[in-house]
Amino acid sequence: MEPPDIERLDERTVQRIAAGEVVERPASVVKELVENSLDAGASRVAVSVESGGTEGIRVRDDGVGIPEDQLEAAVAEHATSKIGDIEDLDRGVGTLGFRGEALYTVGAVSRLTVRSRPPDAEAGAEITVEGGDVGEVRPAGCPAGTTVEVDDLFFNTPAREKFLKRTATEFDHVNTVVTSYALANPDVAVSLEHDGRETFATEGNGDLRSAVLAVYGREVAESMIDVDWTPEAGEAGGTADADDAPVERVTGLVSHPETARSTRDYLSTYVNGRYVTASALREATLDAYGGQLAPDRYPFAVLFVEVPAGDVDVNVHPRKLEVRFDEEPAVRSAVETAVEDALLDHGLIRSTAPRG
Ligand code: ADP
Ligand code: MG
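The shown structure was predicted, so the numbers you read here are calculated from the model rather than taken from an experiment. (Residues numbered from 1 in each chain as written. Chains lettered and ligands numbered in written order. Predicted model: local features only at pLDDT ≥ 70, side-chain atom pairs only at ≥ 80, totals over all residues.)

Draft legend 1. Structural view of the overall build of the chain. Within the chain one finds 11 helices and 18 strands. Expressed as a percentage of its 356 residues, the buried residues of the chain come to 42%. Restricting the contact set of the chain to residue pairs at least 6 apart, pairs at least 24 apart contribute 68%. (Helix = DSSP H or I, 4+ residues; strand = E, 2+ residues; numbered from the N terminus. Buried ≥ 20, exposed ≤ 12 C-beta atoms within 10 Å, placed from the backbone. Contact = placed C-beta atoms within 7 Å.)

Printed below as a string of structure tokens:
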């Protein structure tokens, strides 16, 4: 048989393939947009999605806004106002986003509208990108801040569209993302709406327990106990000198062992403020409960672990949230001790042999 000709893909096709790689599902778009709103210093972030985000996604914030003459740059490839943060990439957990590519990438696989007005600008403006075609900047009436709308995600990438799951499943992913940011930023009023119905709305009053109340309800919020641990010289997770301890602090809330569910989804862990799914952190949390959890039951936890920036390695692929610690055993032990101390204080577990 004749060997087939090798052809170079046109730019548009390359762009769409790349976009499908990083934008996996509606929740990945929501993550980027919420992160942009937080980066913009918003004190309110309102997320609303239609049909799990497959039909429409809207994120509105009251942040610094985008000046009219910057709207085109905002949706362009490799364009960012966060150059300083890019250097943080090497230092571990900083703003990753898509490094100037989120809006560009989303615009390649949807109908994207960015509408914005900086608080001191008299009028707002908007720009639309349809499947990579960038439209003109037009005047638009809008409140101070930015609204990003994403319609018909994957309309031009049928292969990616086929991978979308049921609406309920896609919405679960969106909910997990928005919840994780709401809990990490109790000083920001974060709300989520699905098909016109409010899922939750936090107050943004800075209180983690109040954010937990908004997200998980009263029963859970009332059963949460405070975790606040810092290393002392010689303590588990610490070192001889507390100043260069592998873990600087563990804070947050964990639930009473009887307030448990059949899924691990309610174990939220953050490293240096960034939401991560680190199995080491989850396991350490569960270990702290000892035998107090019923079989196959998992507690609620919102735990913030602070480690020296150089000691944590974030997989920089935008889809991955996994981290690797230089000193994993020490991190595990610190988290376990932190949760154990909190549970012991409340008489919820029995003291075991002294820890070494
Ligand atoms: P990155 O966040 O990595 O810079 P993005 O593509 O997500 O890349 O955004 C590009 C630029 O658009 C940002 O650097 C920022 O200047 C601007 N921008 C995006 N979203 C917002 C927002 N909600 N508020 C203010 N500026 C925004
Ligand atoms: Mg971004």
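Draft legend 2. Molecular detail of the nonpolar core. Judged by nonpolar contacts, the single largest core of 86 residues is most densely connected at Val30, Val178, Val212, Leu303, Val305 and Val335. Considering each element in turn, this core owes the most residues, 8 residues, to helix α11 (residues 328-345). (Core = buried A, V, L, I, M, F, W, Y, C linked by C-beta atoms within 7 Å.)

Draft legend 3. Main features of the pairing of strand β9 (residues 197-201). Sheet topology places strand β8 (residues 189-194) next to β9; 4 bridges connect them, and they run antiparallel. When the bridges of β9 are listed, His194 appears paired with Arg197. Taking the residues that link successive antiparallel strands as the turn, the β8-β9 hairpin has 2 residues, and the phi of Asp195 there is positive, at about 50°. (Pairing = 2+ DSSP bridges.)

Draft legend 4. Just the sheet that holds strand β10 (residues 224-229), in detail. Strand order in the open sheet made by the 5 strands is β10-β11-β16-β13-β14, with mixed pairing throughout. The open sheet has two edge strands with one neighbour each: β10 and β14 (274-276). Strand-to-strand twist in this sheet, taken as the mean axis angle between neighbours without regard to direction, amounts to 20°. One ladder, built from 6 bridges, connects strand β11 (residues 249-255) with strand β16 (residues 301-306); its direction is antiparallel. Opposite Leu253, over in β16, you have Val302 as the bridge partner. In the packing of helix α7 (residues 167-184) onto the sheet, the strands contacted are β13 (267-271), β14 and β16, and the crossing angle to β13 comes to about 60°. Along the sheet, helix α8 (residues 208-216) makes contact with β10, β11 and β16, crossing β11 at roughly 40°. (Axes fitted to C-alpha atoms, helices over the stretch in contact; angles between N-to-C directions.)

Draft legend 5. Layout of the site of ligand 1. Taken together, 23 residues sit near ligand 1, with Asn36, Ala40, Thr80, Ser81 and Ala102 positioned nearest. Of all the elements in the fold, those that place two or more residues in the shell around ligand 1 are α2 (26-39) and α5 (102-108). A per-class count over the shell around ligand 1 returns 9 nonpolar, 9 polar and 5 charged. (Near = placed C-beta within 6 Å. Nonpolar A, V, L, I, M, F, W, Y, C, P; charged D, E, K, R; others polar.)

Draft legend 6. Geometry of the environment of Val323. Along the chain, Val323 turns up in strand β18 (residues 323-325). A residue is classified by how many C-beta atoms lie within 10 Å of it, and Val323, with 24 of them, is buried. Val323 sits 44 residues away from Ser279 along the chain, and the two C-alpha atoms are 9.3 Å apart.

Draft legend 7. Representation of the confidence of the model for the chain within the structure. With 87% of its residues at a pLDDT of 70 or more, the chain shows a mean pLDDT of 87. Contacts for the low-pLDDT stretch residues 89-98, under 50 throughout, to residues beyond four places or in other chains number 31 contacts. Reported confidence for the predicted complex is 0.99 by ipTM and 0.88 by pTM. (pLDDT = per-residue confidence, 0-100.)

Draft legend 8. Region of the structure containing the packing of helix α10 (residues 279-288) against α11. For the pair α10 and α11, interaxial distance at closest approach is 8 Å and the crossing angle is 35°. Remark: the crossing between α10 and α11 carries right-handed chirality. Together, Ala280, Leu281, Ala284, Thr285, Asp287 and Ala288 of α10 and Glu328, Val331, Arg332, Val335, Glu336, Val339, Glu340 and Leu343 of α11 make up the contact between the two elements. A breakdown of the residues in the contact of α10 with α11 according to their chemical character gives 8 nonpolar, 1 polar and 5 charged. (Left-handed = near helix turned anticlockwise from the far one by under 90°.)

Draft legend 9. View of α8. Of all the residues in α8, the buried ones are Leu208, Ala211, Val212, Ala214, Val215 and Tyr216. Here the buried residues of α8 occupy an arc of 165° about the axis, which is enough to place them on one side. Residues of α8 that are buried make contact with α7, β9, α9 (218-223), β10, β11 and β16. In the segment just after α8, Gly217 is the residue with positive phi, at about 95°. (Arc of directions from axis to C-beta.)

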